[in-house]
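In case you want the letters, here they are:
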Amino acid sequence: MEAISQWAASLCFAAAAGGLCQILAPDSGLGRVLKLSISVFFLCSLLLPLGALELDFSDVLQTSQQEKSYELSEEITEEVNTEVYQMMEGQIEGEVQNFLSQKGITPVQINIDILQQGDSVMLMLDLLLEEKDRPMQAWVEEQMSSDLVQVSIHYTEGEKNDG
């Protein structure tokens with residue numbers, strides 16, 4: 001409140017000084033320059049408190065930038081994770097195909113789901129094999145199952161010959 005009263009007092013003194021100078025100024029060319037100078041001085045006295053205001057929008061801008069950065073980071077992380085999982089699924093499918101082919105098993109279809117819960121990752125392996133490979137089911141489950149890999153095996157229905 002004291003700042004406002006000081007500003008008002010300085011404005012009154014500036015107006016009084018400006019008025020006195022305008023009365024004493026001649027009407028010639030130099031007088032017009034003096035009147036212009038007095039007007040600029042009064043305007044500066046009027047706007048002086050605005051220069052003392054500390055307008056700080058950096059917190060608002062910084063928060064907005066941080067939020068945008070966080071959102072962008074989340075999007076990029078999600079995209080990278082999706083790409084990595086797709087690459088992993090493709091590579092695991094090739095490894096499973098090669099591993100089973102060493103025992104003469106040719107899978108009809110391999111479905112791989114990678115589930116992430118917190119820091120742990122679980123691999124769901126769904127195999128569709130031909131009926132002729134049914135005797136190898138116990139071996140496949142024993143070789144491929146673990147704490148992190150869950151294997152489910154399904155078989156194609158054989159073609160029936162109608163006679």
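The structure this text deals with has already been given above.
Worth saying up front: this structure is predicted, and the values here are computed from it rather than measured.

J.: Which residues make up the overall build of the protein, and what values go with them?
T.: From N to C terminus, the protein includes four helices and three strands. When its helices and strands are written in sequence order, the protein yields α-α-α-β-β-α-β. For the protein, with 163 residues in total, the buried portion stands at 16%. Surface exposure of the protein reaches about 12800 Å², of which carbon and sulfur atoms provide 57%.

J.: So what's going on with the pairing of strand β1 (residues 109-117)? Residues and values would help.
T.: The pairing of β1 with strand β2 (residues 120-129) spans nine bridges and is classified as antiparallel. Following the sheet pairing, I114 is matched in β2 by L123. Counting the residues that bridge the hairpin from β1 to β2 gives two residues, and of these G118 lies at a positive phi of roughly 65°.

J.: Kindly report on the sheet that holds β2, identifying the contributing residues and their values.
T.: With mixed pairing, the three strands of this open sheet are ordered in space as β1-β2-β3. Strands with a single pairing partner mark the edges of an open sheet, and in this sheet they are β1 and β3 (149-155). Going from strand to strand, the sheet's axes swing by 15° on average, the running direction of each strand aside. When β2 meets β3, the two strands line up parallel, connected through seven bridges. Its bridge partner lying in β3, D126 is registered against S152.

J.: Explain the pattern of salt bridges to me, using residue names and the numbers behind them.
T.: One pass over the full model with this rule turns up three salt bridges. A salt bridge links D133 to K132; the nearest nitrogen and oxygen atoms lie 3.4 Å apart. Put simply, E130, K132 and D133 are held in one network by salt bridges that share partners.

J.: Describe in detail the pairing of β3, supporting the description with residues and values.
T.: Of the two faces of β3, the one lined by V149, V151, I153 and Y155 is fully buried and the one lined by Q150, S152 and H154 carries no buried residue. You can see the chain leave β2, run along helix α4 (residues 137-144) and come back into β3, and the turn it takes is right-handed.

J.: Explain the packing of aromatic side chains residue by residue, including any values.
T.: Tallying each qualifying case throughout the model produces one aromatic pair. Judged by centre distance (5.4 Å) and plane angle (10°), the ring pair of F99 and W139 falls under stacked. Placement of F99 in helix α3 (residues 58-101) and of W139 in helix α4 is noted, with a sequence separation of 40 residues between them.

J.: Can you tell me about the environment of Y155, naming the residues and giving the values?
T.: With respect to the secondary-structure elements, Y155 resides in strand β3. For Y155 and E130, which are 25 residues apart along the polypeptide, the C-alpha to C-alpha distance reads 5.4 Å. Separated by 3.1 Å, the side chains of Y155 and Q137 make a polar contact.

J.: Help me get a handle on the side chain of S45, residues and values and all.
T.: Position of S45 relative to the elements: it lies in helix α2 (residues 29-52). Assessed through its relative accessible area of 12%, S45 is described here as buried. Excluding residues that lie within four positions of it along the chain, S45 makes contacts with W7, L11 and A14.

J.: So, helix α1 (residues 2-24): which residues are in play, and what are the values?
T.: Taking 1.5 Å per residue, 23 residues should reach 33 Å; α1 reaches 33 Å between its end C-alpha atoms and fits that length. Looking only at α1, the buried set comprises L11, A14 and G18.

Quick notes on the rules
- Residues numbered from 1 in each chain as written.
- Predicted model: local features only at pLDDT ≥ 70, side-chain atom pairs only at ≥ 80, totals over all residues.
- Heavy atoms only, no water.
- Helix = DSSP H or I, 4+ residues; strand = E, 2+ residues; numbered from the N terminus.
- Buried < 20%, exposed > 50% of the residue type's maximum accessible area, 1.4 Å probe, protein only.
- Areas by Shrake-Rupley, 256 points an atom, 1.4 Å probe, with all protein chains shown as cover.
- Pairing = 2+ DSSP bridges.
- Axes fitted to C-alpha atoms, helices over the stretch in contact; angles between N-to-C directions.
- Salt bridge = Lys/Arg side-chain N within 4 Å of Asp/Glu carboxyl O.
- Right-handed = clockwise from strand over helix to strand, strands pointing away.
- Phe/Tyr/Trp six-rings, centres within 6.5 Å; stacked < 30°, edge-to-face > 60°.
- Polar contact = N/O pair within 3.5 Å; in protein donor to acceptor, adjacent residues only side chain to side chain.
- Contact = heavy atoms within 4.5 Å.
- Expected span 1.5 Å × (residues − 1).

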